[in-house]
Amino acid sequence: MTFVAMVGDRNLAYESHRAIEATVALLDNDVDMRWVGTDDPDFRRTVETADAVWALPGTPYVNDAAAYAAITHARTTGQPYLGTCGGFQYAMVEYARNVAGWKGEGVHPLIRALIESAS
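An account of the accompanying structure is given in this report. Everything quoted here is computed from the prediction, not taken from an experiment. (Residues numbered from 1 in each chain as written. Predicted model: local features only at pLDDT ≥ 70, side-chain atom pairs only at ≥ 80, totals over all residues. Heavy atoms only, no water.)

Moving on to the pairing of strand β3 (residues 52–55). For a regular strand, the rule is simple: side chains alternate between the two faces of the sheet. Residues Ala52 and Trp54 of β3 are buried on one face, and the alternating residues Val53 and Ala55, pointing to the opposite face, are buried as well. In this sheet, β3 lies alongside strand β1 (residues 2–7) in parallel orientation, the contact comprising four bridges. Counted as the bridge partner of Ala5 is Val53 from β3. Taken together, the three bridges between β3 and strand β4 (residues 81–83) define a ladder with parallel strand orientation. Of the residues in β4, the one forming a bridge with Val53 is Tyr81. Each parallel crossover has a hand, and the one from β3 via helix α3 (residues 64–77) to β4 is right-handed. (Buried < 20%, exposed > 50% of the residue type's maximum accessible area, 1.4 Å probe, protein only. Helix = DSSP H or I, 4+ residues; strand = E, 2+ residues; numbered from the N terminus. Pairing = 2+ DSSP bridges. Right-handed = clockwise from strand over helix to strand, strands pointing away.)

So, in structure tokens, the structure goes:
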């Protein structure tokens, strides 16, 4: 069975979270898609034992440090990672900080280039 840790703080008031719930319910039994709240006491162990990580919409996360740790773990171990909406934004910040050396002053050139290419 494939286990995907769905990193995010489940809130069914968000339309995206309701849609995710409905979609996950349609999956075959050989895929275990499990919500993992960033404030879950077993967060680290759960993420590290997952076959893949999906950082979900619905930011800011309750525990930003946990979300960034999950992203770092995926990047440094080759664990498959998908970030959608806020999960993608967090991945960009994690990469800018830990790979590109951004210290948080102003707009990093990588982010600036992405913004300029989108316009």
